[in-house]
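A closer look at the structure
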Amino acid sequence: MLYGIIGFMASTKRAANRAAMTAEIGRLGREHLSTHGAAQLSLRAIAREMGIASSAVYRYVPSRDDLLTLLLVEAYNDLAASVEKALGGGADPRADIGRGALAMRSWAVVDPARWALLYGSPVPGYAAPAGQTVGPGTRAVRAFLQTLDAAQRGGLLRADLPTPDDPLVPELVAVAADFDLELSDAAVLAATALWATIIGAISLEVFGQYGSDSFGRPEVLFTGQIDLVLRSIFQ
């Protein structure tokens, strides 16, 4: 019995140490992401900063690709949590979506390096493992789609939403099925326009594509862009 307790305590301590080391590697990975960019991430550099041998780091995060995956999953989940909190499941889906979009923009403006990891140029030589990233990567869009689904069931969407071209219909049906929603083909098409506007508008701002002197109040511009799209979707 005593040996069992001692073994359990040792196992628990090892698990805690592993979690602490992985968390520290992730923290330094985020710092290096901000200062050096995703393509320049290096576990050896992180090991030097931690004052340990690189072989010790590899016991917790085996490769640069594993570090990128860890940072990618963490960023997707952090962003989605902000969106889900902002959406809130309130009585006004249109206002909820506006708040969700603003939450995404705020997250990106505060942490542009992680936004770039999610929605910027692909990292050379890295392919995100679908089994680990698809779930976290679709959390935010799922939240928006669920809100639109609630709006459609409440009769709040426009009846004259553009009808998708026939070749698109099976794919739009598949999207709704993947998220276990009853959105119409037209509503899913509208959702893709909303998503493209959110991602595109944020990226234009975060990556400096508007130029430094074009818009003094980018948050007001963003709100207007989202409102324009929502006017085309909601009654």
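Residues numbered from 1 in each chain as written. Predicted model: local features only at pLDDT ≥ 70, side-chain atom pairs only at ≥ 80, totals over all residues. Heavy atoms only, no water.

**Describing the layout of surface pockets**
What counts, and what does not: For each structure, a 1 Å grid was placed over the protein atoms alone; sets of points admitting a 1.4 Å probe that cannot get out are labelled cavities, open sets with protein on both sides within 12 Å along at least five of seven lines are labelled pockets, and lining residues have an atom within 4 Å of a point. Grid points are joined across faces, edges and corners, and a volume is the space filled by probe spheres set on the points. We count a stretch as a helix when DSSP gives it H or I for four or more residues in a row; a strand needs E for two or more, and each element gets its number in order from the N terminus.
Looking at the largest pocket, its volume works out to about 290 Å³. Around the largest pocket, the lining is made up of 17 residues, and of these Ala116, Leu117, Ser121, Pro122 and Val123 lie nearest the centre. Broken down by secondary-structure element, the contributors of at least two residues to the lining of the largest pocket are helix 4 (64–87) and helix 6 (112–119). Looking at the lining of the largest pocket, the element that brings in the most residues is helix 6, giving four residues.

**Here we look at the UniProt feature "domain: HTH tetR-type" (unreviewed entry) in the protein**
This is how the line gets drawn: UniProt positions are given in the numbering used here, feature names are shortened, and annotations may be inferred rather than shown by experiment.
Those residues carrying the UniProt feature "domain: HTH tetR-type" (unreviewed entry) are residues 19–79 in this numbering. Between the end C-alpha atoms of residues 19–79 the distance is 22 Å, and the span holds 77% helix and 0% strand.

**Structural notes on the packing of helix 4 against helix 5 (residues 93–110)**
The condition is simple: All axes are obtained by fitting lines to C-alpha atoms, using only the stretch in contact for helices, and the reported angles, taken between N-to-C directions, cover 0 to 180 degrees. If you view the pair so one helix is near and one far, a crossing is left-handed when the near helix is turned anticlockwise from the far one by less than a right angle, and right-handed when it is turned clockwise. Here, two residues are considered to be in contact whenever any of their heavy atoms come within 4.5 Å of each other. Nonpolar residues are Ala, Val, Leu, Ile, Met, Phe, Trp, Tyr, Cys and Pro. Charged residues are Asp, Glu, Lys and Arg, and all others, Gly as well, are polar.
Across the interface, helix 4 lies against helix 5 with an axial gap of 7 Å and an inter-helix angle of 145°. For the crossing formed where helix 4 meets helix 5, the hand is right-handed. Contacts between helix 4 and helix 5 involve Ala75, Asp78, Leu79, Ser82, Val83, Ala86 and Leu87 from the former and Asp96, Ile97, Arg99, Gly100, Ala103, Met104 and Trp107 from the latter. Of the residues belonging to the contact of helix 4 with helix 5, the class tally is nine nonpolar, two polar and three charged.

**Focus: helix 2 (residues 43–50)**
Defined as follows: Any residue under 20% of the maximum accessible area for its type is buried, any over 50% is exposed, and the rest in between are partly exposed; the area is computed with a 1.4 Å probe on protein chains only. We call two N or O atoms a polar contact when they sit within 3.5 Å, provided that within protein one can donate a hydrogen and the other can accept it, with sequence-adjacent residues counted only if both atoms are side-chain atoms.
The complete set of buried residues in helix 2 reads Leu43, Ala45, Ile46 and Ala47. One side-chain oxygen at the N-terminal end of helix 2 lies 3.3 Å from the backbone nitrogen of Arg44; it belongs to Ser42. Immediately beyond the C-terminal end of helix 2, within one or two residues, lies Gly51, with a positive phi of roughly 75°.

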